[in-house]
Amino acid sequence: MDAPPPVTTTGPSAGDIYGQASISPNLPLGGDLCRRLSGILIMPELIFGALVWIMIAATNMVYLTQLAHGWILFVSVTLCFISLAQFIIYLLSIPQQTYAWVALDAAYNCMAFLLYFSAAVLQVYLTASMGQTPISLSPIFNVYQLNIAATVFIFIVTSLYGASSFISLKRWKNRQP
């Protein structure tokens, strides 16, 4: 009895099926910043991060929530400036396509995601606790509305940094040291 002929496949490879081929191992530098998803995500991170910053800063902080709002402001302001610096550095093509830069990009995006996630959980807690108190005065209701909007935007920013983290980790994994 003859052995069956070897099977050859012409379909997509496992890397294509799982999306590994679609994520380039290179950073989005220069013109690629506006053409690749990892570069495009930086702009909404900046915009929504600035909106969170503005909305939290516009609320009148009660003494008991000053520390919590301070943490949220620290996270949003710090990461807004770091993301702006990252955008400018990538736009000017300053980094080299080395393993160290790819690892630094992955570490930054993961750290930003974790910091924004902690700030988002804290913002939800503050907004929920504020919603349980009777709201009868108009200025307090306006602060409550600002906190609700800030909660929505902080989760949008957290989702954007989560997507950037996923892409950066895939890029880092595909990159050989």
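All values derive from a computational prediction rather than experimental measurement.

**A short note on the overall build of the protein chain**
Within the protein chain, the regular secondary structure consists of six helices and zero strands. Beginning at the N terminus, the succession of helices and strands in the protein chain can be written as α-α-α-α-α-α. By sequence separation, contacts in the protein chain at least 24 residues apart represent 81% of the contacts at least 6 residues apart. Summing over all exposed atoms, the protein chain offers an accessible surface of approximately 10,400 Å²; the carbon and sulfur share of this is 72%.

**Focus: a nonpolar patch on the surface**
Residues F81, L84, I88, L91, L92 and I94 make up a contiguous nonpolar surface patch of roughly 570 Å² in combined accessible area. Following the sequence through the fold, L84 ends up in helix α4 (residues 66–91).

**Structural notes on the UniProt feature "transmembrane region" (unreviewed entry) in the protein chain**
Look at the UniProt record and you will see "transmembrane region" (unreviewed entry) annotated at residues 71–94, 106–126 and 146–169. Each end of residues 71–94 is marked by a C-alpha atom, and these two atoms are 31 Å apart; helix forms 88% of the span and strand 0%. Taken end to end, residues 146–169 has its terminal C-alpha atoms 34 Å apart, with 100% of it in helix and 0% in strand.

**Let's talk about the environment of G162**
If you trace the backbone, G162 turns up in helix α6 (residues 138–174). Taking the C-alpha atoms as reference, G162 lies 9.5 Å from Y116; in sequence the two are 46 residues apart.

**Some points on unusual backbone geometry**
With a phi close to 55°, S93 is a non-glycine residue in the positive phi region. Inspection of the secondary structure assignment puts S93 in the loop between α4 and α5 (99–131). Exposure remark for S93: the relative accessible area of 37% places this residue in the partly exposed category.

**What to know about helix α3 (residues 42–58)**
Between its terminal C-alpha atoms α3 stretches 24 Å, which fits the 24 Å expected from 17 residues at 1.5 Å a residue. Among all positions in α3, only I42, E45, L46, G49, V52, M55 and I56 are buried.

**Structural notes on the pattern of salt bridges**
Applying the stated criterion to the full structure yields one salt bridge. Among the ionic pairs, R171 bridges to D105, the shortest N-O distance being 2.7 Å. Of this pair, R171 sits in helix α6 while D105 sits in helix α5, and the two are 66 residues apart along the sequence. We classify R171 as buried; its relative accessible area is 1%.

**Describing the confidence of the model for the protein chain**
Confidence in the prediction of the protein chain, expressed as mean pLDDT, is 80, and 75% of residues score 70 or more. Segment residues 11–21: pLDDT under 50, and eight contacts once partners within four positions in sequence are set aside and those in other chains are kept.

**Details of the packing of aromatic side chains**
A full pass over the atoms with the stated rule returns six aromatic pairs. Between the aromatic rings of W53 and F81, the centroid separation amounts to 5.7 Å while the plane-to-plane angle is 65°, which identifies the pairing as edge-to-face. With W53 in helix α3 and F81 in helix α4, the pair connects residues that are 28 residues apart, well separated along the chain. Residue classification places W53 among the partly exposed positions, given a relative accessible area of 28%. Among the aromatic side chains, those forming a connected cluster through ring pairs are Y108, Y116 and Y161.

**Structural notes on the packing of α3 against α4**
In helix packing, the relevant descriptors are the interaxial angle and the interaxial distance, both defined with respect to the helix axes. α4 packs onto α3 with a crossing angle of 150° between their chain directions and a minimal axis gap of 9 Å. Taken together, the axes of α3 and α4 lie roughly antiparallel to each other. For the element pair α3 and α4, the recorded crossing hand is left-handed. Between α3 and α4, the residues in contact are I42, M43, E45, L46, G49, A50, V52, W53, I56 and A57 and H69, I72, L73, S76, V77, C80, F81, S83, L84, Q86, F87 and Y90, respectively. For the contact of α3 with α4, the residue count by class is 16 nonpolar, five polar and one charged.

The rules behind the values
Residues numbered from 1 in each chain as written. Predicted model: local features only at pLDDT ≥ 70, side-chain atom pairs only at ≥ 80, totals over all residues. Heavy atoms only, no water. Helix = DSSP H or I, 4+ residues; strand = E, 2+ residues; numbered from the N terminus. Contact = heavy atoms within 4.5 Å. Areas by Shrake-Rupley, 256 points an atom, 1.4 Å probe, with all protein chains shown as cover. Patch = residues over 30% accessible without salt bridge, like charges linked within 9 Å, V, L, I, M, F, W, Y side chains within 5 Å. Salt bridge = Lys/Arg side-chain N within 4 Å of Asp/Glu carboxyl O. UniProt positions renumbered as here; feature names shortened; annotations may be inferred. Buried < 20%, exposed > 50% of the residue type's maximum accessible area, 1.4 Å probe, protein only. Expected span 1.5 Å × (residues − 1). pLDDT = per-residue confidence, 0-100. Phe/Tyr/Trp six-rings, centres within 6.5 Å; stacked < 30°, edge-to-face > 60°. Axes fitted to C-alpha atoms, helices over the stretch in contact; angles between N-to-C directions. Parallel < 35°, antiparallel > 145°, perpendicular 65-115°, else oblique. Left-handed = near helix turned anticlockwise from the far one by under 90°. Nonpolar A, V, L, I, M, F, W, Y, C, P; charged D, E, K, R; others polar.

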